Amino acid sequence: KEVFITSPEITFRADAGEPPSKESSGAIYNTLPPKKNAIKPAGEWNQVEITVKDNHLKAVLNGEVIHDVDLGTVDGLIHKQEEGGIALQHKSFKHKAQFRNVRIKSL
(Lines give C-alpha, C1' and ligand atoms only; values in the text may rest on other atoms or scores of the structure.)
Protein backbone atom coordinates (compact mmCIF):
# COMPACT_ATOMS: atom_id res chain seq x y z
CA LYS A 1 0.00 0.00 0.00
CA GLU A 2 1.22 3.47 -0.77
CA VAL A 3 1.61 6.07 1.95
CA PHE A 4 2.21 9.74 1.25
CA ILE A 5 5.92 10.17 1.91
CA THR A 6 6.45 13.73 3.16
CA SER A 7 3.42 14.48 5.32
CA PRO A 8 0.41 12.78 6.90
CA GLU A 9 -2.49 11.93 4.59
CA ILE A 10 -6.00 12.07 6.05
CA THR A 11 -8.43 9.85 4.19
CA PHE A 12 -12.11 10.52 3.40
CA ARG A 13 -14.40 7.87 1.92
CA ALA A 14 -18.09 7.12 1.52
CA ASP A 15 -18.14 4.90 4.61
CA ALA A 16 -20.58 6.60 6.98
CA GLY A 17 -21.65 4.41 9.89
CA GLU A 18 -18.73 1.99 9.59
CA PRO A 19 -16.29 1.49 12.48
CA PRO A 20 -13.06 3.47 12.48
CA SER A 21 -9.94 1.77 11.11
CA LYS A 22 -6.57 2.71 9.65
CA GLU A 23 -8.28 3.06 6.25
CA SER A 24 -11.63 4.60 7.23
CA SER A 25 -12.70 8.21 6.85
CA GLY A 26 -10.62 10.45 9.06
CA ALA A 27 -7.74 7.99 9.37
CA ILE A 28 -4.18 9.15 9.01
CA TYR A 29 -3.84 6.80 6.10
CA ASN A 30 -2.70 3.29 6.95
CA THR A 31 -1.19 4.53 10.23
CA LEU A 32 -3.68 5.83 12.80
CA PRO A 33 -7.46 5.33 12.92
CA PRO A 34 -9.65 8.28 13.89
CA LYS A 35 -11.21 8.39 17.36
CA LYS A 36 -14.53 7.92 15.56
CA ASN A 37 -15.81 7.80 11.99
CA ALA A 38 -17.65 11.12 11.82
CA ILE A 39 -18.13 11.25 8.03
CA LYS A 40 -21.61 12.12 6.75
CA PRO A 41 -23.46 9.91 4.24
CA ALA A 42 -22.46 10.20 0.57
CA GLY A 43 -23.96 13.27 -1.06
CA GLU A 44 -23.78 15.45 2.08
CA TRP A 45 -21.13 18.10 2.66
CA ASN A 46 -18.54 17.44 5.34
CA GLN A 47 -16.55 20.03 7.24
CA VAL A 48 -12.99 19.34 8.32
CA GLU A 49 -10.50 21.54 10.14
CA ILE A 50 -6.91 20.31 10.36
CA THR A 51 -4.35 22.17 12.44
CA VAL A 52 -0.67 21.27 12.41
CA LYS A 53 1.68 23.26 14.61
CA ASP A 54 5.17 22.01 15.36
CA ASN A 55 4.71 18.25 15.89
CA HIS A 56 1.06 18.44 16.95
CA LEU A 57 -1.84 17.54 14.65
CA LYS A 58 -5.48 18.16 15.56
CA ALA A 59 -8.28 17.22 13.18
CA VAL A 60 -11.98 17.95 13.65
CA LEU A 61 -14.51 16.35 11.29
CA ASN A 62 -18.10 17.59 11.41
CA GLY A 63 -17.58 18.96 14.92
CA GLU A 64 -15.98 15.76 16.30
CA VAL A 65 -12.32 15.64 17.30
CA ILE A 66 -10.94 12.69 15.36
CA HIS A 67 -7.21 13.28 16.04
CA ASP A 68 -5.29 15.18 18.71
CA VAL A 69 -1.82 13.72 18.47
CA ASP A 70 1.89 14.45 18.75
CA LEU A 71 3.27 13.20 15.42
CA GLY A 72 6.58 12.37 17.07
CA THR A 73 4.99 9.67 19.22
CA VAL A 74 3.35 7.56 16.49
CA ASP A 75 5.28 4.95 14.50
CA GLY A 76 4.90 5.77 10.84
CA LEU A 77 4.52 9.51 11.49
CA ILE A 78 7.81 10.29 13.25
CA HIS A 79 9.58 11.05 9.95
CA LYS A 80 6.70 13.28 8.78
CA GLN A 81 7.37 16.23 11.08
CA GLU A 82 9.14 18.65 8.79
CA GLU A 83 7.72 21.23 6.45
CA GLY A 84 5.62 19.81 3.66
CA GLY A 85 2.90 20.59 1.21
CA ILE A 86 -0.85 20.65 1.33
CA ALA A 87 -2.74 18.70 -1.32
CA LEU A 88 -6.29 17.66 -2.14
CA GLN A 89 -6.42 14.35 -3.94
CA HIS A 90 -9.20 12.34 -5.55
CA LYS A 91 -8.55 8.74 -6.61
CA SER A 92 -11.90 7.39 -7.81
CA PHE A 93 -13.10 7.22 -11.39
CA LYS A 94 -16.54 5.97 -10.27
CA HIS A 95 -17.32 8.80 -7.83
CA LYS A 96 -16.70 12.52 -7.97
CA ALA A 97 -15.28 14.69 -5.23
CA GLN A 98 -16.00 18.34 -4.71
CA PHE A 99 -14.28 20.87 -2.48
CA ARG A 100 -15.56 24.26 -1.41
CA ASN A 101 -14.50 27.01 0.95
CA VAL A 102 -10.93 25.71 1.21
CA ARG A 103 -8.88 28.02 3.42
CA ILE A 104 -5.22 27.76 4.39
CA LYS A 105 -3.81 29.85 7.21
CA SER A 106 -0.19 30.09 8.26
CA LEU A 107 0.23 29.80 12.05
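Residues numbered from 1 in each chain as written. Predicted model: local features only at pLDDT ≥ 70, side-chain atom pairs only at ≥ 80, totals over all residues. Heavy atoms only, no water.

### Quick word on the packing of aromatic side chains
Summed over the entire model, instances satisfying the criterion amount to zero aromatic pairs. We note R100 situated over the ring of W45; from NZ or CZ to the ring centre the distance is 4.0 Å. (Phe/Tyr/Trp six-rings, centres within 6.5 Å; stacked < 30°, edge-to-face > 60°. Lys NZ or Arg CZ within 6 Å of the ring centre and 35° of its normal.)

### Some words on the sheet that holds strand β3 (residues 64–70)
With antiparallel pairing, the three strands of this open sheet are ordered in space as β1-β2-β3. Lying at the two open borders of the sheet, with one neighbouring strand each, are β1 (48–53) and β3. Here the strands of the sheet are splayed against their neighbours by 5° on average, with no regard to which way each runs. (Pairing = 2+ DSSP bridges. Helix = DSSP H or I, 4+ residues; strand = E, 2+ residues; numbered from the N terminus. Axes fitted to C-alpha atoms, helices over the stretch in contact; angles between N-to-C directions.)

### Regarding the pattern of salt bridges
Evaluated as defined, the whole model comprises one salt bridge. E64 is the salt-bridge partner of K36, the closest N and O atoms lying 3.7 Å from each other. Residue K36 is found in the segment before β1, and its partner E64 is found in strand β3; the two are separated by 28 residues along the sequence. We classify E64 as partly exposed; its relative accessible area is 32%. (Salt bridge = Lys/Arg side-chain N within 4 Å of Asp/Glu carboxyl O. Buried < 20%, exposed > 50% of the residue type's maximum accessible area, 1.4 Å probe, protein only.)

### What to know about unusual backbone geometry
A positive phi is found at N30, a non-glycine position, where the angle reads about 60°. Mapped onto the elements of the fold, N30 is located in the segment before β1. You can call N30 partly exposed: its relative accessible area is 29%. The backbone of N62 shows a phi angle near 50°, a positive value even though the residue is not glycine. Structurally, N62 can be placed in the loop between β2 (56–61) and β3. What makes N62 partly exposed here is its relative accessible area of 22%.

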